[in-house]
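Chains, contacts and geometry: an overview
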Amino acid sequence: MIQRFFATALAILVVLLGGCSATSGLQAYVDSYDGYEFLYPRGWVQVQVEDPVDVVFHDIIETTENVSVVVNTVSSTKSLEELGSPEEVGDRLLRNIIAPSESGRSSALISASSQKADDKTYYILEYAVTLPGNGDNAQQRHNLSSIAISRGKVYTLSVSAPEERWPKVEDQFKTIVSSFTVY
């Protein structure tokens, strides 16, 4: 009798946990024309953007939480490694794009790593950004990015949230960055 109870309880637990996964609550975005795809949270909405940003989605309630993809042409580079190490590329991204000196923003690279998937190299960057403001009015943000090169283009996916929201969204944002695929 007790064995049957535990077997039933285990079966119920397996069924309940079977619906839980790292991708729960996420849906796919596929851009077959530009050659990339990624997961983003259900309920986020797409917003109109201008070049070089290709697509942006943001949360309906927490509108400052967003995911974007930027696609740029790369002149003579054939691989991501030719641009430099993950740290070098991360530093250049922060200095030239995220927080150039005239922007009033400041940034710090928290981590930089490299991973391979389907014969492509992806640099995964984590960084903190401080937006312009006085004292306590300066907004702190936490960002993750995945960078890859394919077919003569540099693809950069970035997800961002206010620092105070980071603990709540960290795992989901890491799943989004890991889902980014170029072809």
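The rules behind each value
Residues numbered from 1 in each chain as written. Predicted model: local features only at pLDDT ≥ 70, side-chain atom pairs only at ≥ 80, totals over all residues. Heavy atoms only, no water. Helix = DSSP H or I, 4+ residues; strand = E, 2+ residues; numbered from the N terminus. Buried < 20%, exposed > 50% of the residue type's maximum accessible area, 1.4 Å probe, protein only. Contact = heavy atoms within 4.5 Å. Areas by Shrake-Rupley, 256 points an atom, 1.4 Å probe, with all protein chains shown as cover. Pairing = 2+ DSSP bridges. Axes fitted to C-alpha atoms, helices over the stretch in contact; angles between N-to-C directions. Expected span 1.5 Å × (residues − 1). Bend = angle between axes of the 7 residues up to and from the residue.

With that settled, the discussion passes to the overall build of the chain. Along the backbone of the chain there are four helices and ten strands. Counting every position in the chain, which comprises 183 residues, the buried fraction comes to 39%. Contacts spanning at least 24 positions in sequence make up 46% of the contacts within the chain whose residues lie at least 6 apart. A total accessible area of about 10700 Å² is found for the chain, and carbon and sulfur atoms account for 53% of it.

The strands making up a sheet are joined through hydrogen bonds of the backbone, oriented either antiparallel or parallel. Ordered by their spatial adjacency, seven strands build an open sheet running β3-β4-β5-β9-β8-β7-β6, and the pairing between neighbours is antiparallel. The open sheet has two free edges, formed respectively by β3 (45–47) and β6 (106–117), since each of these has just one partner strand. Taken over all neighbouring pairs, the strand axes of this sheet differ in orientation by 20 degrees on average, direction set aside. When β6 meets strand β7 (residues 120–130), the two strands line up antiparallel, connected through eleven bridges. Counted as the bridge partner of Gln115 is Tyr122 from β7. Here helix α3 (residues 86–98) sits on the sheet and contacts β6, β7 and β8 (140–150); the angle it forms with β6, its principal contact strand, is near 135 degrees. The strands touched by helix α4 (residues 166–179) are β5 (66–73), β7, β8 and β9 (153–162); relative to β9, the strand with the most contacts, the crossing angle is about 165 degrees.

Another point: α4. End to end, α4 covers 19 Å across 14 residues, agreeing with the expected 20 Å (1.5 Å per residue, within 8%). Along its length, α4 shows its largest kink, about 30 degrees, at Gln172. Residues of α4 that are buried: Trp166, Val169, Phe173, Thr175, Ile176, Val177 and Ser179.

Turning next to the sheet that holds strand β1 (residues 26–31). Strands sit in the order β1-β2-β10 across an open sheet of three strands; the sheet is antiparallel. Each having just a single partner strand, β1 and β10 (181–182) make up the two edges of the open sheet. Across the face of the sheet, α4 comes into contact with β1, β2 (36–41) and β10 while running at roughly 165 degrees to β2.

So, about the pairing of β9. For a regular strand, the rule is simple: side chains alternate between the two faces of the sheet. Counting buried positions along β9 yields nine of ten residues, so the element is predominantly enclosed. Summarising the sheet, β5 and β9 pair through eight bridges and their orientation is antiparallel. Each residue of the ladder has a partner; that of Ser68, found in β9, is Ser158. Between the end of β8 and the start of β9, which pair antiparallel, lie two residues, with Arg151 showing a positive phi angle near 50 degrees.

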